[in-house]
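Letter by letter, the chains look like this.
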Amino acid sequence: PLLEEYGDQEVYLCLLVEHRSTTYEFVSIQLGGYIFDAYRKQLKNRGNSLIPVIPFLYYHGSDEWTPHGMQDLFELAPPPLKDYISVFKFLFENIQHYSDDQIRQLGSGLFTSALLTQKYRVAR
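Each value, and the rule that gives it
- Chains are numbered independently. Their residues run from 1 in the order of the written sequence.
- Only residues with pLDDT of at least 70 are given local features in this predicted model, and only at 80 or more are side-chain atom pairs given and counted; all residues enter the totals for whole chains, interfaces and linings.
- Hydrogens and water molecules were not included; the side-chain quantities draw on all heavy atoms of the structure.
- For our purposes a nonpolar core is just a set of buried Ala, Val, Leu, Ile, Met, Phe, Trp, Tyr and Cys residues, chained together by side-chain atoms within 4.5 Å.
- Note on classification: 1.4 Å probe, protein chains only; a residue is buried when its accessible area is under 20% of the maximum for its type, exposed when over 50%, partly exposed between these limits.
- Put simply, DSSP marks the helices as runs of H or I at least four residues long and the strands as runs of E at least two long, and each gets a number from the N terminus on.
- Pairs of residues are marked as contacts when any of their non-hydrogen atoms sit within 4.5 Å.
- One bridge is not enough; two strands pair if DSSP finds at least two bridges between them.
- Axes, fitted as lines to C-alpha atoms, cover a helix only where it is in contact. Angles between the N-to-C directions of the axes lie from 0 to 180 degrees.
- How far a helix is expected to stretch is found by multiplying one less than its residue total by 1.5 Å.

Undergrad: Any chance you could explain the nonpolar core here in plain terms?
TA: The nonpolar side chains of soluble globular proteins are, as a tendency, buried together. Leu16, Val27, Leu31, Ile35, Val53, Leu57, Tyr59, Trp65 and Phe90 together form the largest nonpolar core, which totals nine residues. Of all the secondary-structure elements, those providing two or more residues to this core are α1 (27-46) and β2 (53-59). Not counting chain neighbours up to four residues away, the residues in contact with Trp65 comprise Arg20, Thr22, Thr23, Tyr24, Val27, Leu57, Tyr59 and Phe92. Ranked by size, the runner-up nonpolar core spans five residues in total, among them Tyr58, Ile103, Leu115 and Leu116.

Right under this line is the structure:
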């Protein structure tokens, strides 16, 4: 449910979860593809009623990483052209920055086990 200031109605969200064990310079393009695929699927299945897609990227690799946003990928584009580059925000979390106790507080069972396994996986 939304807060009263937003009309006290329900809203549905689609949470897109992408996880990476390695850094990828063009992850924002990858996420953008997933986002627009989800919107195309919604249009095909439901008509004109769209549910917002919120991209969430979590990373469990050993290297420090701050993923680039879309506009960062076009460093040679003049500033006036950057206004025409699609921009979207995504949530980003590096689970290497979480203690084991913090991960355990996120949930239980398979979810917690999966996160801890990913955190401590051996790089090959």
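Undergrad: I keep staring at the sheet that holds β2 and nothing clicks. Help me out?
TA: Hydrogen bonding along the main chain pairs the strands of a sheet, whether they run parallel or antiparallel. Strand order in the open sheet formed by three strands is β1-β2-β3, and the pairing between neighbours is parallel. The outermost strands of the open sheet, each flanked by one partner alone, are β1 (14-20) and β3 (91-94). Here the average twist between neighbouring strands, direction ignored, is 20°. Two elements, β2 and β3, share four bridges in a ladder whose sense is parallel. Across the sheet, residue Leu57 finds its bridge partner in β3, namely Phe92. Where α1 meets the sheet, it contacts β1 and β2, and its direction lies at approximately 150° from that of β1.

Undergrad: Just to check I follow, could you spell out α1 for this structure?
TA: One turn of the α-helix equals 3.6 residues, which is why residues spaced by three or four share an orientation. If you check α1, its first and last C-alpha atoms are 28 Å apart, about what 20 residues at 1.5 Å a residue would give, namely 28 Å. Those residues of α1 that fall on the buried side of the exposure criterion are Val27, Ser28, Gln30, Leu31, Gly32, Ile35 and Gln42. On the buried face of α1, the contacting elements are β1 and β2.

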